[in-house]
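Structure at a glance
Read off the chains here:
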Amino acid sequence: MSSNTTTYNRIYEIVRQIPQGFVATYGQVAELSNLAGKARVVGYALYRVDMKNSDIPWQRVVNAKGEISLSPLRFGTDYLQRSLLENEGISFNDAGKIDLRKYLWQPPKPQIFA
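Residues numbered from 1 in each chain as written. Predicted model: local features only at pLDDT ≥ 70, side-chain atom pairs only at ≥ 80, totals over all residues. Heavy atoms only, no water.

Considering the overall build of the protein
- From N to C terminus, the protein includes five helices and two strands.
- Listed N to C, the secondary structure of the protein is α-β-α-α-β-α-α in terms of helices and strands.
- Out of the 114 residues belonging to the protein, those deemed buried represent 39%.
- For the protein, the accessible area works out to roughly 7400 Å², and carbon and sulfur atoms hold 52% of it. (Helix = DSSP H or I, 4+ residues; strand = E, 2+ residues; numbered from the N terminus. Buried < 20%, exposed > 50% of the residue type's maximum accessible area, 1.4 Å probe, protein only. Areas by Shrake-Rupley, 256 points an atom, 1.4 Å probe, with all protein chains shown as cover.)

Shown next as structure tokens:
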């Protein structure tokens, strides 16, 4: 198994934990995947997901501004992402941004036992 496969699988496991109706940022997923400062790696991993036939809720990851990161390389899936998020009850303001104060996923803190 290549290191990219291992890294991507770790990212996918984090993304699978984001509940419906919430989003996470690329940077947040990177940090939770022990890849602090490597938000682009999260983007690369999610770009590889089969967006129509996957159990990975890729649509729930947005940029730090609360926006969908538009890319001509995604061949229209930017609009699919917005539609999927709206179907989950996430709303966008007139500027196309999500209110991260309302919709940002806050994963449970790990329990530390003495």
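Moving on, there is more to tell.
A short note on the nonpolar core
- Among the nonpolar cores identified, the biggest contains 20 residues, and I11, Y12, V15, V29, V42, L46 and V61 are the most heavily contacted of them.
- Looking at this core, the elements with two or more residues in it are α1 (3-16), α2 (26-32) and α3 (39-47).
- Element by element, the count of residues in this core is highest for α1, at five residues.
- In this structure, I11 is in contact with V29, S33, L35, V41, V42 and A45, ignoring residues within four places of it in sequence.
- By size, the runner-up hydrophobic cluster in this structure holds nine residues, among which are V62, I68, L85 and L100. (Core = buried A, V, L, I, M, F, W, Y, C linked by side-chain atoms within 4.5 Å. Contact = heavy atoms within 4.5 Å.)

Focus on α3
- Regarding α3, the residues found buried are V42, A45 and L46. Seen end-on, α3 carries its buried residues on one side only, within an arc spanning 95°. (Arc of directions from axis to C-beta.)

Concerning the side chain of T7
- Looking at where T7 falls in the secondary structure, it is placed in helix α1.
- Taking the relative accessible area as the measure of exposure, T7 reaches 15% and is therefore buried.
- Dropping the residues within four chain positions of it, T7 is found in contact with L35 and V41.

Some words on the confidence of the model for the protein
- Across the protein, pLDDT averages 88, with 87% of residues at or above 70.
- Taking the mean pLDDT of every element in the protein, the minimum, 88, falls on helix α4 (residues 77-87) and the maximum, 98, on strand β1 (residues 24-25). (pLDDT = per-residue confidence, 0-100.)

A few points about the packing of aromatic side chains
- Within the structure shown, the criterion is met by one aromatic pair.
- When the ring of Y8 is compared with that of Y12, the centres are 6.4 Å apart and the planes differ by 55°; the resulting orientation is tilted. Remark: Y12 and Y8 occur in helix α1; sequence separation between them is four residues, near one turn of the helix.
- You can call Y8 buried: its relative accessible area is 11%.
- Under the relative-accessibility criterion, Y12 is labelled buried at 10%.
- Between the NZ or CZ atom of R82 and the centre of the ring of F92, over which it lies, the distance is 4.2 Å. (Phe/Tyr/Trp six-rings, centres within 6.5 Å; stacked < 30°, edge-to-face > 60°. Lys NZ or Arg CZ within 6 Å of the ring centre and 35° of its normal.)

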